[in-house]
Amino acid sequence: MALIDNITEQVIKVPLTETTKEGVLKELLQLLTATGKVQDETAALNALLERESRGSTGLENGVAIPHAKTDAVAGVLVAIGIAPQGIDFEAHDGQPSKAFFLILAPSDQSSAHIEALSEIARMTRSAAFLRTLIGSENPKEVVELIRD
Amino acid sequence: MKGPIERIMVYIDGSEESLIACEYAVLLARAVSAELLATYVVNTRALNELVKARIFLSEEEAEYSRDMEEDAKRYLDHAVRTGAQKGVTIEPIRTAGSVHQELNRIIEERKVDLLVLGELAHVRSRRDEFYNEAERAMRSVHCSVLIVKDEERVEDLFELD
């Protein structure tokens, strides 16, 4: 299944209300939990925090891609959050992160996990795409942009 | 006289859709007496891109590389067992690199007549044409391509046959 099939308005938050790294992870994770596809939210959060402890997933140009392997999920799950004001995610370039793509995958689906991360990495290379994404006012606009 | 389909290849990536495609390919191979290959590509190109983009730490690269090798073995073994259930011998092929390029290479080298893929995304995006590996393979290979849909029907066919 392609990544795009997993991206629905239900798993997108615009704008994010939390303002800390852990808060953002929890807020995005709750979107996924609400879909009924996360069997153990605590285990999933711990996997995300453990990954962050090894090095921030805050990249450059306002993008963060928190990700983790966890058997708390049965398939690859993606949640998206937008914080136009920016959040300190300890990004590589020291700048606040504004677009968050959270990815969870079970340990036996590494190819699908890598393909999903790769798709997001390619999408976010486009400055025009990122500008429009961060300027989105609601989940519907995000879905339309990604499906464009 | 040779038939139009002598050698079939099914692409396995571990997704449910690809495993259903494998079941269909087994039934098809038996029906037309074709050879059947099952290919899993360890997507090292994507892995390298993720390291370059600093999404992966170097330790993660090694970890995911091991995971993908284990996945390759697990899913190819599963494919071989699926074939054996119906008396069809499947030749497992594990390779590494860019998925669509590797599929193209094997199709050329092994003179594959038909590539069998699992169902693609329900939503079509312009981006998918460039990013989704199965879509890229579908568009770029030189042989005919069969996209397996209707999971329930295929499972019923496989169970009842």
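Asker: How would you summarise unusual backbone geometry if you had to cite specific residues and measurements?
Answerer: The omega torsion of the bond from Val14(A) to Pro15(A) falls at -10°, within 30 degrees of zero and hence cis. Mapped onto the fold, Pro15(A) is located in the loop between β1 (12-13) and α2 (21-34). Residues other than glycine seldom take positive phi values, yet Glu90(A) does so here, at roughly 55°. Mapped onto the fold, Glu90(A) is located in the loop between β4 (77-87) and β5 (97-105). By relative accessible area, which is 52% here, Glu90(A) ends up exposed. The residue Lys111(B) is not glycine, and still its phi comes out positive at about 55°.

Asker: Please give an account of the side chain of Lys21(A) that cites residues and values.
Answerer: Residues and elements named next belong to chain A. Considering the arrangement of structural elements, one finds Lys21 in helix α2. The exposure class assigned to Lys21 is buried, which follows from its relative accessible area of 14%. There is a polar contact of 3.4 Å between the side chain of Lys21 and the side chain of Ser56. Among the polar contacts listed, one links the side chain of Lys21 to the side chain of Glu90, at a separation of 2.8 Å. In this structure, Lys21 is in contact with Glu52, Ser56, Asp88, Phe89 and Glu90, ignoring residues within four places of it in sequence.

Analysis parameters
Residues numbered from 1 in each chain as written. Chains lettered and ligands numbered in written order. Predicted model: local features only at pLDDT ≥ 70, side-chain atom pairs only at ≥ 80, totals over all residues. Heavy atoms only, no water. Helix = DSSP H or I, 4+ residues; strand = E, 2+ residues; numbered from the N terminus. Buried < 20%, exposed > 50% of the residue type's maximum accessible area, 1.4 Å probe, protein only. Polar contact = N/O pair within 3.5 Å; in protein donor to acceptor, adjacent residues only side chain to side chain. Contact = heavy atoms within 4.5 Å.

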